[in-house]
Amino acid sequence: MTVTTNGRIHSWDLSTGVDGPGTRFVLFVSGCPLRCLYCANPDTWHMRDGKETTVDEVMREIEKYRAFITTAGGGVTVTGGEPLLQPAFTGEILRRCKEAGLQTALDTSGFLGARASDELLSETDLVLLDIKSFDSAAYRRLTGGELTPTLNFANRLDRLGVQMWIRYVLVPGWTDDAESVEGLAAFVAGLGSVDRVDVLPFHKLGASKYEALGLPFPLRDTPTPVRDSVERVREQFRAHGLMTY
């Protein structure tokens, strides 16, 4: 008898170009240990708010779109929330997708990287690693968590040869400090399995979710970054030989 793992999910969607290569089936799992000030999905913070489901149910949904995502050179991305808050559930989804011949990606902050077994990572073709800041104090203020677990996870992924895309959200006054960016660029350049760095301009598209939840949006008055600032940060990464977008 096959035993399937239960988990809690928020939703799923289809996307192109932003959650891994090609067209992706993107599964949003529920629950996150961080409270990033710029978080666009506060409705995924608590596992209790998610819908309980099984891996079998998730796989049946994915199968409906198999032809579409594979023809478009895509695959399946597990994101959140934080997928590694539910490592057994996430790991089984990744394993089942690999068995089905689908390209797999894990979108994570790396804060709970220690919960990812080597087996889980062996089923992961790509990790989208969100490094929120390279300054420990700023990271703590920005997320409520610690930076070190993410850096340890990045080094571990590199040792295992797991392909990475680094994601860096550019927030004026928070993550645009040139010295901190330079430190991150040097660190990332030392990781041989990093394929690219995505510099993502801070946006306020999730502000309405805070309002709906009766929560204040912490960065309501923070401006979005100007184009020159985004390009300057991308150029800092490029100067270290990194491909940026």
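Whatever comes next refers back to the structure up there.
In this report, we go over the structure that sits alongside the text. (Residues numbered from 1 in each chain as written. Predicted model: local features only at pLDDT ≥ 70, side-chain atom pairs only at ≥ 80, totals over all residues. Heavy atoms only, no water.)

## Side note on helix H5 (residues 136-143)
Among the residues making up H5, those that are buried are Ala138, Tyr139, Leu142 and Thr143. Axial view of H5: buried residues confined to an arc of 105°, hence all on one face. Looking at where H5 begins, the residue whose side-chain oxygen comes 3.2 Å from the main-chain nitrogen of Ala137 is Asp135. (Buried < 20%, exposed > 50% of the residue type's maximum accessible area, 1.4 Å probe, protein only. Helix = DSSP H or I, 4+ residues; strand = E, 2+ residues; numbered from the N terminus. Arc of directions from axis to C-beta. Polar contact = N/O pair within 3.5 Å; in protein donor to acceptor, adjacent residues only side chain to side chain.)

## Some points on the packing of helix H1 (residues 55-63) against helix H3 (residues 87-99)
Two elements in contact, H1 and H3, have axes separated by 10 Å at closest approach and are oriented at 40°. Comparing their axes, H3 and H1 come out oblique. Where H1 crosses over H3, the two elements pack in a sense that is right-handed. Counted together, Val55, Asp56, Val58, Met59 and Ile62 of H1 and Phe89, Glu92, Ile93, Arg96 and Cys97 of H3 form the full contact between these two elements. Grouping the amino acids of the contact of H1 with H3 by side-chain chemistry returns seven nonpolar, no polar and three charged. (Axes fitted to C-alpha atoms, helices over the stretch in contact; angles between N-to-C directions. Parallel < 35°, antiparallel > 145°, perpendicular 65-115°, else oblique. Left-handed = near helix turned anticlockwise from the far one by under 90°. Contact = heavy atoms within 4.5 Å. Nonpolar A, V, L, I, M, F, W, Y, C, P; charged D, E, K, R; others polar.)

## A few points about the packing of aromatic side chains
One pass over the full model with this rule turns up seven aromatic pairs. With a centroid separation of 5.1 Å and an interplanar angle of 15°, the aromatic rings of Trp12 and Phe25 are classed as stacked. With Trp12 in strand E1 (residues 6-16) and Phe25 in strand E2 (residues 23-29), the pair connects residues that are 13 residues apart, well separated along the chain. With centroids separated by 6.2 Å and ring planes inclined at 45°, the aromatic side chains of Phe25 and Tyr65 adopt a geometry described as tilted. (Phe/Tyr/Trp six-rings, centres within 6.5 Å; stacked < 30°, edge-to-face > 60°.)

## So, the sheet that holds strand E6 (residues 126-130)
The strands making up a sheet associate through hydrogen bonds between their backbones, and the pairing can be parallel or antiparallel. A sheet is described by the order of its strands in space; here eight strands give the open sequence E3-E1-E2-E4-E5-E6-E7-E8, paired in mixed fashion. Only two strands of the sheet have a single partner each, and these edge strands are strand E3 (51-54) and strand E8 (194-201). Here the average twist between neighbouring strands, direction ignored, is 30°. By the bridge criterion, five bridges tie E2 to strand E4 (residues 75-79) in an arrangement that is parallel. When the sheet's bridge partners are listed, Leu27 is paired in E4 with Val78. (Pairing = 2+ DSSP bridges.)

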